[in-house]
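Architecture and fold: a report
Given next are the chains, with one letter for each unit.
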Amino acid sequence: ALGTLAATADPDMEKAVSLAATLSPMERLPMATRLTWHAGACVVLDFHDRLMPFWQDIRQVAGLITGLRGASGLGVRILEKGPQQGYRKLGGNDFRFYPFRPPAAGTPVLILGDLGCFSASRDRLNGWLRFGRACRAKGITPVVLTPCPSYAWDKRLSSLFTMVWWDRGQKIP
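Residues numbered from 1 in each chain as written. Predicted model: local features only at pLDDT ≥ 70, side-chain atom pairs only at ≥ 80, totals over all residues. Heavy atoms only, no water.

Some thoughts on the pairing of strand β3 (residues 41-46)
Successive side chains on a regular strand alternate, one facing one side of the sheet and the next facing the other. Taking burial as the measure, the 6 residues of β3 include 6 buried ones, the bulk of the element. Taking every second residue as pointing to the same face, both faces of β3 are buried, with Ala41, Val43 and Leu45 on one and Cys42, Val44 and Asp46 on the other. Here β3 pairs with strand β4 (residues 74-79) via 6 bridges, running parallel. The partner of Asp46 across the bridge, within β4, is Leu79. Following the chain from β3 across helix α2 (residues 55-69) to the adjacent parallel β4, one finds a crossover that is right-handed. Bridge analysis of β3 against strand β6 (residues 109-112) gives 4 bridges, and the strand direction is parallel. Bridged to Val44 within β6 is Ile111. (Buried < 20%, exposed > 50% of the residue type's maximum accessible area, 1.4 Å probe, protein only. Helix = DSSP H or I, 4+ residues; strand = E, 2+ residues; numbered from the N terminus. Pairing = 2+ DSSP bridges. Right-handed = clockwise from strand over helix to strand, strands pointing away.)

Encoded structure:
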């Protein structure tokens, strides 16, 4: 979810042979691509009170991502009351809240939270819907790793986010 395809220095021999077999002209050899970490990425950690049983899991996943990817270019945002209340930055002594807006176009976004599905308040869900629409306007479709099972998702969320149920049996994109 936080990756991108990048060209390598190796020629894509399969594609080159296919082009040659169809007698298609090649100005240069096609290069192979591989999946790598995107230069900039955003991870959103939802620490709403209703998600308290999952806080340690959320911390562990965030730590694994940082350990595997590194912190350079990684924006980690901590939410406590939903996107409408703003976010705090991870680490340091900065406890200020910043307005929660989508990152730059093309930036992959991973959200660890429930998008308000566990909440009885429609305001929390509406905040996430607004954030999803703002992301969509920038061409971003955030991936959400959520402990909320798919039968409890609000259908409007599926059109704005790639929803993945946080369960061992689910395949993560």
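Some thoughts on the sheet that holds strand β8 (residues 162-165)
Spatially, β5-β4-β3-β6-β7-β8 is the arrangement adopted by the 6 strands of the open sheet, whose pairing is mixed. Either end of the sheet is taken by a strand with one partner, and the two such strands are β5 (87-89) and β8. When strand polarity is set aside, the average angle formed by the axes of neighbouring strands in this sheet is 25°. Against the sheet, α2 makes contact with β3, β4 and β6, and its axis sits at roughly 165° relative to β3, the strand it touches most. Contacts from helix α3 (residues 122-137) reach β3, β4 and β6 within the one sheet, and its direction differs from that of β3 by about 175°. (Axes fitted to C-alpha atoms, helices over the stretch in contact; angles between N-to-C directions. Contact = heavy atoms within 4.5 Å.)

Points about the environment of Arg96
By the secondary structure assignment, Arg96 is in the loop between β5 and β6. Expressed as a C-alpha distance, the spacing of Arg96 and Gly127, which sit 31 residues apart in the sequence, is 20 Å. When sequence neighbours within four positions are dropped, the list of residues in contact with Arg96 reads Tyr87 and Arg88.

Things to note about the nonpolar core
Counting residues in hydrophobic clusters, the biggest one holds 23 residues, and the most contacted among them are Val44, Ile111, Leu115, Trp128, Leu157 and Phe161. Among the elements that line this core, the one with the most residues is α3, at 5 residues. Setting aside residues up to four positions removed in sequence, Trp128 forms contacts with Val44, Asp46, Leu79, Pro83, Phe100, Ile111, Leu115, Gly116 and Phe161. Within the second largest apolar cluster, 19 residues are counted, among which are Val43, Leu51, Leu74 and Val164. (Core = buried A, V, L, I, M, F, W, Y, C linked by side-chain atoms within 4.5 Å.)

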